[in-house]
Amino acid sequence: MTQVADAFAYLFEAKGIGNYIGETGRLIDLIGGSDLVAGLCTSDGDDVLAAVLAAAGAPDLEAVGLEESRRAGGALCLHSEDRDQLDRVRALWRLVVGLSCPGLSFTDTDTTVNEWTGLTGQPGDDASHDHRQDGAPAIAALREAYRRQPGLRENSAALLLPTGQPVTETDRRTGRVAVEIEGNRDDPKRLDGVVAAMRRRGRSIAASDAQDRLARQFLPRDPAEAAPYRFPRHFETDEANRTNPAFPLRPRDRRVAVVHADISGLGRTFRSVTDRAGTPAEVFDAARCIEATIARAALSASKAVLLDAAIRPGHSKEEQKRYAALFGPRDSKDPPPGLAILPARPVILGGDDVTMIVRADLALAFAQALLDGIEQETRTAFPDYAVLGLPAYLTACAGVAIVGPGHPFLAANRMAEGMCKHAKTWAKAEAKAAGDAIPPSALTFGVVTSEVDESYDDWHNREQQILPARAAMAPGEAPKPALFTTQCPYLASGTGARSLSALRSLADVLDGVEGRGKLVEAVALRASDPGAARIQHDRFREVLAAEDSNRVAQLDAALAALLGKAPADLDAAVPVLNDALELIDIGATAVSGGPA
């Protein structure tokens, strides 16, 4: 009997977005690159894919028999019963992605499910798979597309022009062949194909008063309410102007943080949806629900932390001077009125990732609000899609790498990702030990001073380890775990033991007290001179008691609340004391002015 091909699916996924957009380390390139990627495919249809579909003769999907089950965050999945039509879209789409986002690596695949045999691929092939038991052919093609997604990435920067003859000019930041020259004759900047595309988009955004696509996701939906706010596009004022204010750093602390959040179990959730759905439209509805909840959580975190911290021109001379300093030399004497400059810059919002650059004192509060928002928003929205396999709610974990504004973004982002992975590993282990199906939301943070591009694990063991793990030293003695100067990760929700809120309470007790320098010395001396560390710690408590006898009781209560019990010795207290001191250092306490 003749086999009749019934369903075809085409799956595309952009890969390595964070590394792609942050390669040069310049904020304007990062903004341009993130806008290029964000505009590829969006569920509202206002994207590059819409133009590609129109050029391929499919401006109206339903009219030509095309369906979509995914369209957001640099990923798409299209379905059709016409293989030729889907091939035209695929060929044009691959070309457009390569031209509009040169160097952005991706994977893509297409699959076929036969109506009568239920097979994908050709009968007898190793890739042939029987889908007759899977239900609708379109959904079977979707499942097979995810199963067969290739590991090989295409369109990566490694596939651009190779180095040519000795006279070939290169981009000094990337080492790749330059294709454009930017700047004047005295200081020409040679740009490779990847950087040139991102720089052009970044410059076009800088020439407009309108916020870019990604920035709008973190602003109120009411245009009138969002109008005054500007996300900065520069760290230094020499490139800032009326439409592009500089980053509003604190006067005596220029540190920022890269916040990277990753949603736990999103891949498993999506597989559950594809297992239960009967049509691509049902998968698309669930995917849009997930996308919308993440966007609402991002906006709620922005409203809770960033909007209130926006810099506005005040009436005092000092406030006017600080506001004026955020603009370039030509505009500093007469800055535009009415603007509110936000102390952050969105980098990625899509798929299961959210990445932001946030002023250091606000970063932990923003990360906590984001993680809480994801859990709350999904609890509200997911019950309507329970039949499609969405869980009761989702949680997320985050890494917060606190660095200087000149720190290479790629290194800071990789560190934040490693911190996030550290938090996720711990959260999964906690959930497994407690018998919970969903891990808690948690975050790891750290102040990173070294600009070496290394993994979080290497940095953690080198910079934060006091004592390595030791085997039993005597018969019957239990092995001793490694001692670190941090208790990370912390739970993002609640106020109980090991919660970020409990750590803040401890930091609030310590902030502003007399003799805190002795506690700083005690923590610093623990690795080299334990005896001197204990002496300094005891002296700190004496000074604290002399200042206010209630403060010692408050300190002990805060330590017990955070650890779940009173610390047995200084070693048990060192990690949380050091973390509390870091919160004070970056200004993230009620006393020092950050969100409490």
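Higher on the page you've got the structure.
Residues numbered from 1 in each chain as written. Predicted model: local features only at pLDDT ≥ 70, side-chain atom pairs only at ≥ 80, totals over all residues. Heavy atoms only, no water.

**Student:** What's the story with the pattern of salt bridges in this structure? I'm lost.
**Tutor:** A side chain with one charge may pair with a side chain of the opposite charge, provided their charged atoms come close. Taken as a whole and assessed by the stated rule, the structure comprises 30 salt bridges. With a shortest N-O distance of 4.0 Å, Asp-361 and Arg-250 are connected by a salt bridge. Here the residue Asp-361 occupies a position in helix H12 (residues 360–381), and Arg-250 occupies one in the loop between strand S9 (229–230) and strand S10 (256–263), the gap between them amounting to 111 residues. On the accessibility criterion, Asp-361 (5% relative accessible area) is buried. Judged by its relative accessible area of 22%, Arg-250 is partly exposed. One continuous salt-bridge network, built from bridges that share partners, spans Arg-83, Asp-87, Arg-90, Arg-94, Asp-108 and Asp-110. (Salt bridge = Lys/Arg side-chain N within 4 Å of Asp/Glu carboxyl O. Helix = DSSP H or I, 4+ residues; strand = E, 2+ residues; numbered from the N terminus. Buried < 20%, exposed > 50% of the residue type's maximum accessible area, 1.4 Å probe, protein only.)

**Student:** Can you walk me through the sheet that holds strand S18 (residues 490–491) in this structure?
**Tutor:** Think of a sheet as strands paired side by side through backbone hydrogen bonds, with each pair either parallel or antiparallel. Spatial ordering of the open sheet is given by S12-S13-S10-S14-S15-S18, a layout of six strands whose pairing is mixed. This sheet does not close on itself; its edge strands, each paired only once, are strand S12 (344–350) and S18. Strand direction decides the pairing type here: S12 and strand S13 (residues 353–359), joined by six bridges, are antiparallel. For Leu-349, the partnering residue across the bridge sits in S13 and is Val-354. Across the face of the sheet, helix H2 (residues 27–38) comes into contact with S12 and S13 while running at roughly 30° to S12. (Pairing = 2+ DSSP bridges. Contact = heavy atoms within 4.5 Å. Axes fitted to C-alpha atoms, helices over the stretch in contact; angles between N-to-C directions.)

**Student:** What is the right way to look at the packing of aromatic side chains in this model?
**Tutor:** To describe a pair of aromatic rings, you give the distance between the ring centres and the angle between the ring planes. Within the structure shown, the criterion is met by seven aromatic pairs. Measuring from ring centre to ring centre gives 5.2 Å for Phe-235 and Phe-247, while their planes differ by 35°; the resulting arrangement is tilted. Of this pair, Phe-235 sits in the loop between S9 and S10 while Phe-247 sits in the loop between S9 and S10, placing them 12 residues apart in sequence. Note on accessibility: Phe-235 and Phe-247 belong to one class, buried. Above the face of the Tyr-393 ring, Arg-379 is positioned so that its terminal group lies 3.7 Å from the ring centre. (Phe/Tyr/Trp six-rings, centres within 6.5 Å; stacked < 30°, edge-to-face > 60°. Lys NZ or Arg CZ within 6 Å of the ring centre and 35° of its normal.)

**Student:** Teacher, can you tell me more about the packing of helix H16 (residues 516–525) against helix H19 (residues 570–585) here?
**Tutor:** For any two helices packed against each other, the geometry comes down to the angle between their axes and how far apart the axes lie. Following both chains from N to C, one finds H16 and H19 inclined at 130°, their axes separated by 10 Å at the closest point. Comparing the axis directions of H16 and H19 gives the class oblique. Both H16 and H19 take part in a crossing whose hand is left-handed. Contact residues: H16 offers Arg-516, Leu-519, Val-520 and Val-523, while H19 offers Val-574, Leu-577, Asn-578, Leu-581 and Ile-584. Split by residue class, the contact of H16 with H19 holds seven nonpolar, one polar and one charged. (Parallel < 35°, antiparallel > 145°, perpendicular 65-115°, else oblique. Left-handed = near helix turned anticlockwise from the far one by under 90°. Nonpolar A, V, L, I, M, F, W, Y, C, P; charged D, E, K, R; others polar.)

**Student:** What's the story with unusual backbone geometry in this structure? I'm lost.
**Tutor:** Glycine aside, residues mostly have negative phi, and peptide bonds are mostly found in the trans state. Following Cys-488, the chain continues into Pro-489 via a peptide bond in cis, with omega recorded as 5°. As for its position among the elements, Pro-489 is in the loop between strand S17 (483–484) and S18. The backbone of Arg-498 shows a phi angle near 60°, a positive value even though the residue is not glycine. Mapping Arg-498 onto the fold places it in the loop between S18 and helix H15 (500–510). Among the residues examined, Arg-498 registers a relative accessible area of 22% and is labelled partly exposed.

**Student:** Where do I start with helix H13 (residues 409–434) in this structure?
**Tutor:** What sets the pattern is the α-helix's 3.6 residues per turn: residues three or four places apart point alike. For H13, built from 26 residues, the straight-helix expectation of 38 Å at 1.5 Å per residue is met to within 8% by its first-to-last C-alpha distance of 37 Å. A positive phi of about 75° marks Gly-435, the residue just after H13. (Expected span 1.5 Å × (residues − 1).)

**Student:** Can you help me understand the nonpolar core in this one?
**Tutor:** Most often, soluble globular proteins keep nonpolar side chains buried together rather than apart. Ranked by internal contacts, the top residues of the largest apolar core, which has 97 residues, are Val-358, Phe-366, Leu-370, Val-400, Phe-445, Leu-506 and Leu-510. Ranked by residue count, the leading element in this core is H12, at 12 residues. With 52 residues, the next largest nonpolar core counts Leu-36, Val-37, Val-256 and Tyr-456 among its residues. (Core = buried A, V, L, I, M, F, W, Y, C linked by side-chain atoms within 4.5 Å.)

**Student:** Just checking my understanding: could you explain H2 for this structure?
**Tutor:** The terminal C-alpha atoms of H2, which comprises 12 residues, lie 16 Å apart, in line with the 16 Å expected from a rise of 1.5 Å per residue. Burial analysis of H2 places 11 of its 12 residues in the buried class, which makes it a mostly covered element.

**Student:** I tried to follow the environment of Leu-36 on my own but got confused; where do I start?
**Tutor:** The topology assignment puts Leu-36 in helix H2. Considered as a pair, Leu-36 and Gly-202 are 166 residues apart in the sequence and their alpha carbons are 9.3 Å apart. Leaving out residues up to four positions away in the same chain, Leu-36 has contacts with Ser-100, Cys-101, Ala-197, Met-198 and Arg-201.

**Student:** Looking at this structure, how should I read the pairing of strand S15 (residues 442–447)?
**Tutor:** Every regular strand shows the same layout, with side chains that alternate between the two sheet faces. With six of six residues buried, S15 lies mostly within the body of the structure. In the sheet, strand S14 (residues 396–403) pairs with S15 via six bridges, with the strands oriented parallel. Note on S15: the bridge partner recorded for Ile-402 is Val-447. Regarding topology, H13 serves as the crossover connection from S14 to the parallel S15, and that connection is left-handed. (Right-handed = clockwise from strand over helix to strand, strands pointing away.)

**Student:** Could you clarify how one ought to interpret the pairing of S12 in this entry?
**Tutor:** Along S12, five of the seven residues are buried, which leaves the element largely enclosed by surrounding structure. Taking the residues between adjacent antiparallel strands as the criterion, S12 and S13 are bridged by two residues, where Gly-351 takes a positive phi near 65°.

**Student:** Looking at this model, I keep getting lost on the environment of Arg-242. Mind explaining?
**Tutor:** As for its position among the elements, Arg-242 is in the loop between S9 and S10. Taking the C-alpha atoms as reference points, Arg-242 and Phe-327, separated by 85 residues in sequence, lie 6.6 Å from one another. Not counting chain neighbours up to four residues away, the residues in contact with Arg-242 comprise Phe-327, Asp-331, Asp-334, Pro-335, Pro-336 and Leu-339.

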